[in-house]
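Chain and residue survey
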Amino acid sequence: MPLMRRFGWILVTTLAVQGADLRLGLVGTDTSHVIAFTRAFNDPAAPGHIPGARVVAAYKGGSPDLASSHTRVDKFAAELQDKWKVQFYDDIPALCRNVDAVLLTSVDGRKHLEQARPIFAAGKRVFIDKPLASTLEDAREIARLAAEAKVPWFSSSSLRWSELANLKSEDALGATVWGPGPFGEHHYLDLSWYAIHPIEVLFTLLGTGCEEVTRISGAHEDIIVGRWRDGRIGTVRALRPSGGYGAVVYRPKQILQSPPKPVTGYGPMLKEIVRFFQTGVPPVPNAETLEIFAFMDAAQKSKEAGGRTVRLR
């Protein structure tokens with residue numbers, strides 16, 4: 001029976017016949033995520049197997065001017081084809097004709113807008129791996145095209161469902177989070193490449209409502225401070241070249257802190273992706289994802305202005 005639940009402009013219906021695995025397609029094979037996701041979905045014997053979906057198709061993609069893409073895309077594509085028997089297609093429309101839903105996994109956020117267009121045109125629900133885009137304008141255009149086509153989508157870091165998220169508290173007065181923050185080649189929003197992970201954690205803990213951002217850049221870290229409209233303060237420390245993840249949440253009479261090595265992994269997010277493909281209801285509101293990009297856009301402009309406070313657009 002269809003699930004007649006209204007979510008904004010989307011009239012949600014169930015996607016798959018009960019008991020049948022969803023057929024998933026990968027767009028972009030230049031990230032290790034495609035191997036991890038495919039193993040979790042396709043191998044019933046794998047630890048952390050996620051039932052309900054199988055990766056059956058892929059479009060290779062790739063970015064010749066991005067080293068982390070062109071040096072890995074063929075290797076991952078070969079493993080998908082040889083080990084997992086994934087069918088490759090020469091273009092995205094052909095892939096869409098042979099799947100129920102799409103994982104847009106291209107490592108290069110600059111590619112996501114152009115690759116999302118044919119997915120939306122085909123009416124396929126899509127999870128867009130991080131980063132959603134490389135600019136705020138591209139992120140907003142993705143959202144506009146999806147709304148125009150009435151196609152559900154969402155994008156998220158897997159850390160949104162990690163141990164760090166357990167610190168979420170309704171009476172939080174503020175939060176500090178940290179994590180790796182290396183910059184990506186050719187991405188205007190340099191935080192979107194990897195610092196998107198701790199930034200997603202900050203919004204998981206504090207929710208939306210950030211109004212202004214101040215950024216201080218140093219040799220080994222950037223500190224981004226956001227002020228929420230209700231007066232709360234959220235701080236992100238983006239560590240370079242790398243670093244562990246962590247968070248502190250400040251409550252009226254208690255301070256909560258994450259364990260030294262919080263448990264992270266793809267499993268909880270992959271379960272949410274399957275549920276989203278089945279129902280069409282994004283587990284992360286699109287508006288929150290767009291505010292995260294407005295946060296990073298303001299942080300970029302603060303950096304360019306020498307640390308001046310910048311209001312979110």
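None of these values were measured; they are calculated from a predicted model.

**Section: the overall build of the chain**
Counting secondary structure elements, the chain contains nine helices and 15 strands. Expected size for 313 residues packed as a compact globule is a radius of gyration near 20 Å; at 19 Å, the chain falls within 12% of this value. The principal-axis extent of the C-alpha atoms belonging to the chain is close to 50 × 45 × 40 Å. Counting all 313 residues of the chain, 54% fall into the buried class. In the chain, once contacts between residues fewer than 6 apart in sequence are set aside, the share between residues at least 24 apart is 73%. As displayed, the chain has an accessible area near 13600 Å², and 52% of this comes from carbon and sulfur atoms. When the 38 basic and 33 acidic side-chain charges of the chain are each reduced to a single mean position, those positions are 3 Å apart.

**What to know about the side chain of S155**
Note on placement: S155 falls in the loop between β8 (153-154) and β9 (174-180). In this structure S155 touches F127, I128, D129, K130, L132, E200, V284 and T289, once residues within four positions along its chain are discounted.

**Overview of the pairing of strand β7 (residues 125-128)**
Burial of the side chains of β7 extends over both faces: R125 and F127 are buried on one face and V126 and I128 on the other. One ladder, built from four bridges, connects strand β6 (residues 101-104) with β7; its direction is parallel. Paired with V102 across the bridge in β7 is V126. Handedness of the crossover joining β6 and β7 through helix α5 (residues 112-121): right-handed. Judged from the two bridges that link them, β7 and β8 form a sheet pairing that is parallel. What sits directly across from F127, in β8, is F154. Handedness of the β7-helix α6 (residues 136-149)-β8 crossover: right-handed.

**So, helix α8 (residues 267-279)**
Each full turn of the α-helix corresponds to 3.6 residues, which orients residues three or four apart in the same direction. Relative to the 18 Å expected for 13 residues at 1.5 Å per residue, α8 spans 19 Å between its end C-alpha atoms, a close match to the ideal helical length. Taken together, the buried positions of α8 are occupied by M269, L270, E272, I273, V274, F276, F277 and T279. A positive phi of about 80 degrees marks G280, the residue just after α8.

**Topic: the layout of surface pockets**
If you add up the space inside the largest pocket, you get close to 380 Å³. Taken together, the residues of the lining of the largest pocket sort by class into six nonpolar, 10 polar and three charged.

**Remarks on a nonpolar patch on the surface**
A surface patch of nonpolar side chains, amounting to about 300 Å² of accessible area, comprises L173, Y250 and I255. Summarising the element assignment, I255 is placed in strand β14 (residues 254-257). Taking the relative accessible area as the measure of exposure, I255 reaches 58% and is therefore exposed.

**A word on the sheet that holds strand β5 (residues 87-88)**
Here we have six strands laid out as an open sheet, ordered β5-β4-β3-β6-β7-β8, and parallel in their pairing. What marks the edges here is a single partner per strand, and that holds for β5 and β8. Bridge count between strand β3 (residues 22-27) and strand β4 (residues 53-59): six bridges; the pairing is parallel. The residue of β4 that forms the bridge with L24 is V55.

**Re the sheet that holds β14**
With respect to topology, seven strands assemble into an open sheet ordered β14-β13-β9-β12-β11-β10-β15, the strand pairing being mixed. In this open sheet, the two strands that pair with only one neighbour each are β14 and β15 (310-311). Two elements, strand β11 (residues 221-228) and strand β12 (residues 233-239), share seven bridges in a ladder whose sense is antiparallel. The residue bridging I223 from the neighbouring strand is R237, located in β12. Sitting on the sheet, helix α7 (residues 196-206) is in contact with β9, β10 (210-217), β11, β12 and β13 (246-251), with an inclination near 160 degrees to β9.

**Let's talk about the packing of aromatic side chains**
Scanning the model with the defined rule gives six aromatic pairs in all. For the pair F154 and F276, a centre-to-centre distance of 5.1 Å together with 80 degrees between the ring planes defines the contact as edge-to-face. Here the residue F154 occupies a position in strand β8, and F276 occupies one in helix α8, the gap between them amounting to 122 residues. Residue F276 is classed as buried on the basis of its relative accessible area, which comes to 1%. Put simply, the rings of F127, F154, F276 and F277 touch in pairs and so form one group of aromatic residues.

**A word on the confidence of the model for the chain**
Mean pLDDT over the chain works out to 93, with 94% of the residues at or above the 70 mark. Between residues 1-14, whose pLDDT stays under 50, and residues either more than four places distant or in other chains, the model counts 30 contacts.

Definitions and cut-offs
Residues numbered from 1 in each chain as written. Predicted model: local features only at pLDDT ≥ 70, side-chain atom pairs only at ≥ 80, totals over all residues. Heavy atoms only, no water. Helix = DSSP H or I, 4+ residues; strand = E, 2+ residues; numbered from the N terminus. Rg over C-alpha atoms; globule rule 2.2 N^0.38 Å. Buried < 20%, exposed > 50% of the residue type's maximum accessible area, 1.4 Å probe, protein only. Contact = heavy atoms within 4.5 Å. Areas by Shrake-Rupley, 256 points an atom, 1.4 Å probe, with all protein chains shown as cover. Lys, Arg positive; Asp, Glu negative; His and termini not counted. Charge placed at Lys NZ, Arg CZ, Asp CG, Glu CD. Pairing = 2+ DSSP bridges. Right-handed = clockwise from strand over helix to strand, strands pointing away. Expected span 1.5 Å × (residues − 1). 1 Å grid on protein atoms, 1.4 Å probe; cavity = no way out; pocket = protein on both sides within 12 Å on 5 of 7 lines; lining within 4 Å. Points joined across faces, edges and corners; volume = space filled by probe spheres on them. Nonpolar A, V, L, I, M, F, W, Y, C, P; charged D, E, K, R; others polar. Patch = residues over 30% accessible without salt bridge, like charges linked within 9 Å, V, L, I, M, F, W, Y side chains within 5 Å. Salt bridge = Lys/Arg side-chain N within 4 Å of Asp/Glu carboxyl O. Axes fitted to C-alpha atoms, helices over the stretch in contact; angles between N-to-C directions. Phe/Tyr/Trp six-rings, centres within 6.5 Å; stacked < 30°, edge-to-face > 60°. pLDDT = per-residue confidence, 0-100.

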